[in-house]
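Coordinate analysis (summary)
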Amino acid sequence: MTNASTESIHSVRALPPSIFAVVMATGIAAVAMHLAGQSWVAWGLFGIGVIAYAVLWILVLLRCWYHRDAVLTDMATHAVAPGFFTVIAATGVLGNATLIIANAPNYALVLWIITLLLWVMLTYIILPRLMEVDPKPTLEAGLNGAWLLIVVSTQAVSTLSALIAPQLPNDATGPILFVALCFWLIGVMVYIWLISLIFYRVMFLPLGPAALTPAYWINMGALAISTLAGVVLVSVRPHLPLLDELFPFLKGMTLLCWATATWWLPMLLVLGAWRHLAQRFPIRYDHSYWAIVFPLGMYSACTARLAKEIDLPFLMPLAIAFAWIAFLAWFVTFVGLLKRTWNAV
């Protein structure tokens, strides 16, 4: 093996578990631009997302092969282990884009199966492992917004399940939609559990500018994808009588998720201004900034679907505006990624 190859394999060791946030952000930005009527931009983002997904899988597999000890350590570390759930969410979001933008249900079905398998595997490996760790960290050291990636990944399964179900044979549609409903309910419940702890952590424990990472934007992003999952369930309710019976509940809970996500937006902007303007925390590219791009794109996508499915057309301009905001955030962050990659070569 050459020195260059050895150095490349060694650098993979530092790959963060949350690296698939790049694909999450790119995929949902593509969907948001598609729903905003910008098909060419959507196709470009979708293509980049597919390439990034393939490249990241190669890098992650190399890390698992050559640096298994680092992977196992990350899985047992409360502050970083939730980052592994980005691979589930990225696969689910890419499946959404494959169906919505590329209109390729067969490929979307494959991604749905991978999403479901990854969710089962990582949920029942990582969470029990973190429960068993001793000693456990304090809330200050072990808890941050990244924990809500568990919610995001769960709702990614729900959303893709609901989208793919009508493409399947009739005898499979009902069971898959029931699975989608169950995942949506689980995601909402887990959000309630986690946001209670996160809110306590940010309100009553010290939170310096270094600790106020972009991961806290997932406070809003988890609600935005919960909104999207709820709206998709509303849109497919004719395929399952249970969903029709639950329509008032679905609509109410979906609006609750959207309204709370909207409440989080100015709060996160104020906190970001405090971090970077008042506390003068420097803005340098970091992989964690993709955690800002994803919620912005998801907010646009869920608002667009909400405007259509629940007949709230006055929300559509808001969805279009945030599609462009998400695209601008994606572009700036992507340029930062390219510069960092170039400097590392």
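Just above sits the structure.
From a predicted model like this one, the values you see are computed outputs, not experimental measurements. (Residues numbered from 1 in each chain as written. Predicted model: local features only at pLDDT ≥ 70, side-chain atom pairs only at ≥ 80, totals over all residues. Heavy atoms only, no water.)

**Quick notes on the packing of aromatic side chains**
The cut-off we apply is this: Each Phe, Tyr or Trp ring, with Trp reduced to its six-membered ring, pairs with another whose centre is within 6.5 Å; inter-plane angles below 30 degrees give stacked pairs, above 60 give edge-to-face pairs, and intermediate values give tilted ones. Only DSSP runs of H or I covering at least 4 residues are called helices, and only runs of E covering at least 2 are called strands; the numbering of each starts at the N terminus. With a 1.4 Å probe rolled over the protein chains alone, any residue whose accessible area is under 20% of its type maximum counts as buried; one over 50% counts as exposed, and the rest are partly exposed. Only when the NZ of Lys or the CZ of Arg is both within 6 Å of the ring centre and within 35 degrees of the ring normal is a charge said to sit over the ring.
As enumerated under the stated definition, the model contains 15 aromatic pairs in all. Aromatic side chains Tyr200 and Phe204 sit 5.6 Å apart centroid to centroid with 35° between the ring planes, which places their arrangement in the tilted category. Of this pair, Tyr200 and Phe204 are both found in helix 9 (residues 170–204), four residues apart, which corresponds to roughly one turn of the helix. By relative accessible area, Tyr200 is classed as partly exposed at 41%. In textbook terms, an aromatic cluster arises when at least three aromatic residues are bridged by ring pairs, as seen for Trp324, Phe327, Trp330 and Phe334. Here the basic side chain of Arg237 rests over the ring of Phe247, its NZ or CZ set 4.1 Å away from the ring centre.

**Some details on helix 4 (residues 68–75)**
Basically, it comes down to this: Read the arc as the range of directions from the helix axis to the C-beta atoms.
Taken residue by residue, helix 4 has Ala70, Val71, Asp74 and Met75 as its buried positions. Looking straight down helix 4, one finds that the buried residues subtend no more than 135° of arc, so they occupy a single side.

**A closer look at the packing of helix 12 (residues 247–278) against helix 13 (residues 290–309)**
Put simply, the rule is: The convention used is that axes are lines fitted to C-alpha atoms, helices contributing only their stretch in contact, and that angles between N-to-C directions extend from 0 to 180 degrees. For this classification, under 35 degrees means roughly parallel, over 145 means roughly antiparallel, 65 to 115 means roughly perpendicular, and everything else is oblique. Each helix crossing is assigned a hand: it is left-handed if the near helix lies turned anticlockwise from the far helix by less than a right angle, otherwise right-handed if that turn is clockwise. Contact definition: two residues touch when any of their heavy atoms are within 4.5 Å. Residues are grouped as follows: Ala, Val, Leu, Ile, Met, Phe, Trp, Tyr, Cys and Pro are nonpolar; Asp, Glu, Lys and Arg are charged; every other residue, Gly included, is polar.
Relative to each other, helix 12 and helix 13 sit at 140°, their axes nearing to 11 Å. For the element pair helix 12 / helix 13, the angle class is oblique. Handedness of the helix 12/helix 13 crossing: left-handed. When helix 12 is examined against helix 13, the residues Thr254, Leu255, Trp258, Ala261, Thr262 and Leu265 are found in contact with a partner set consisting of Leu296, Tyr299, Cys302, Thr303 and Leu306. When the residues that make up the contact of helix 12 with helix 13 are grouped by side-chain class, the tally is eight nonpolar, three polar and no charged.

Just geometry here; none of it tells us what the structure is for.
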